[in-house]
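# Structural description and commentary
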Amino acid sequence: MSGFQINLNPLKEPLGFIKVLEWLASIFAFATCGGFKGQTEIQASCPPTVTENKTITAVFGYPFRLNEASFQPPPGVNVCDVNWKSLVLIGDYSSSAQFYVTFAVFVFLYCIAALLLYVGYTSLYLDSRKLPMIDFVVTLVATFLWLVSTSAWAKALTDIKIATGHNIVQELLPCKKKEVLCYFGSVTSMGSLNVSVMEFHSVAQAGEQYHNLDSLQPLPPEFK
């Protein structure tokens, strides 16, 4: 068995370069999704008792169990005699979010292992018949699951935007009363989540395109 010897030349090939992109994309994916925190706000008043709009806030984040995110009025303020804390957002998107983040972590670990093999054991990889084929099959399966998890999370993200957007005013029971006036305030931008979905999806497609059987052929002599 060949000893560990650093050779960065395989990173110049599509096989190694795409693995680096997948590694970076996986970091960005689980960091942005797993670490996301946001909030949605509505303005409520009940004239003539309360003429000034009061901000009611619901905080949400990973794993996006919105049905556990309750609304919070300003501390010590009774807004329109409504128990706002008993009201929650609608929806539970934890399965899609956790699948997405968990698989991103798996891709992260697999890319590290593959890059160590490419860079540290280049001769062993090229001389073996089984390692390239195993790497090829695992990459194909991972790419398919990568696309599935990204598609599921993209759909969930769309639903999350709807559930935390201006439509929440129509869903809150107190806001349907004539004596309570509710207006949608704001919601935290989810731009980073959009970017992580698009980047993860694009890199997965690139990996599927370039990690083909041609990439498993021995490197040119100058790269050995």
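Please read all numbers here as calculations on a predicted model, not as lab measurements.

Now for the state of the cysteines. Linking two cysteines covalently via their sulfur atoms produces the bond known as a disulfide. For the structure on display, the rule yields two disulfides. Put simply, Cys 175 and Cys 182 are joined by a disulfide, and their sulfur atoms are 2.1 Å apart. Across the disulfide from Cys 175 to Cys 182, rotation about the S-S bond amounts to roughly -85 degrees, and the bridge is consequently left-handed. Summarising the burial analysis for this pair, Cys 175 and Cys 182 share the class buried.

Before going further, it helps to examine the nonpolar core. The biggest cluster of nonpolar side chains holds 38 residues, and the ones touching the most others in it are Phe 64, Phe 71, Trp 84 and Trp 153. Elements supplying a minimum of two residues to this core: helix H1 (14-34), strand E1 (37-46), strand E2 (50-61), helix H2 (94-120), helix H4 (130-163), helix H5 (168-171) and helix H6 (191-210). When residues in this core are grouped by element, the largest group, five residues, is from H4. Formed by seven residues, the second largest nonpolar core is a distinct cluster that contains Leu 15, Ala 114, Leu 117 and Tyr 118.

A few words on unusual backbone geometry. Look at the link from Tyr 62 to Pro 63: it is a cis peptide, with omega at 10 degrees. Its place among the elements puts Pro 63 in the loop between E2 and strand E3 (71-72). In this model, Phe 64 sits at a positive phi of 65 degrees, which is unusual for a non-glycine residue. Looking at the secondary structure, you find Phe 64 in the loop between E2 and E3. Taking the relative accessible area as the measure of exposure, Phe 64 reaches 0% and is therefore buried. Positioned with a positive phi, Asp 81 is a non-glycine residue whose angle comes to about 55 degrees. Relative to the assigned elements, Asp 81 resides in the loop between E3 and H2.

As a further point, take the side chain of Thr 150. Secondary-structure assignment places Thr 150 in helix H4. A residue is classified by how much of its surface remains accessible, and Thr 150, at 1% relative accessible area, is buried. Separated by 2.7 Å, the side chain of Thr 150 and the backbone oxygen of Trp 146 make a polar contact.

This part is about a nonpolar patch on the surface. A grouping of Phe 4, Ile 6, Leu 8, Val 105, Leu 109, Ile 112 and Leu 116 is seen on the molecular surface, where their side chains present a nonpolar patch of about 660 Å² in accessible area. Position of Ile 112 among the secondary structure elements: in helix H2.

As annotated in UniProt, the feature "transmembrane region" (unreviewed entry) corresponds to residues 99-121 and 133-154 in the numbering used here. For residues 99-121, helix accounts for 96% and strand for 0%, while the C-alpha atoms at its two ends are 32 Å apart. From the first C-alpha to the last, residues 133-154 spans 31 Å; its make-up is 100% helix and 0% strand.

We now examine empty space enclosed by the protein. All chains considered together, the criterion is met by one cavity of 30 Å³ or more. As a volume, the largest cavity reaches approximately 50 Å³. Among the elements of the structure, H1, H2 and H4 are those that each provide at least two residues to the lining of the largest cavity. Ranked by the residues each element gives to the lining of the largest cavity, the list is headed by H4, at four residues. Partitioned by chemical class, the residues of the lining of the largest cavity number five nonpolar, two polar and two charged.

About the thresholds
Residues numbered from 1 in each chain as written. Predicted model: local features only at pLDDT ≥ 70, side-chain atom pairs only at ≥ 80, totals over all residues. Heavy atoms only, no water. Disulfide = S-S within 2.5 Å. Buried < 20%, exposed > 50% of the residue type's maximum accessible area, 1.4 Å probe, protein only. Core = buried A, V, L, I, M, F, W, Y, C linked by side-chain atoms within 4.5 Å. Helix = DSSP H or I, 4+ residues; strand = E, 2+ residues; numbered from the N terminus. Polar contact = N/O pair within 3.5 Å; in protein donor to acceptor, adjacent residues only side chain to side chain. Patch = residues over 30% accessible without salt bridge, like charges linked within 9 Å, V, L, I, M, F, W, Y side chains within 5 Å. Areas by Shrake-Rupley, 256 points an atom, 1.4 Å probe, with all protein chains shown as cover. Salt bridge = Lys/Arg side-chain N within 4 Å of Asp/Glu carboxyl O. UniProt positions renumbered as here; feature names shortened; annotations may be inferred. 1 Å grid on protein atoms, 1.4 Å probe; cavity = no way out; pocket = protein on both sides within 12 Å on 5 of 7 lines; lining within 4 Å. Points joined across faces, edges and corners; volume = space filled by probe spheres on them. Nonpolar A, V, L, I, M, F, W, Y, C, P; charged D, E, K, R; others polar.

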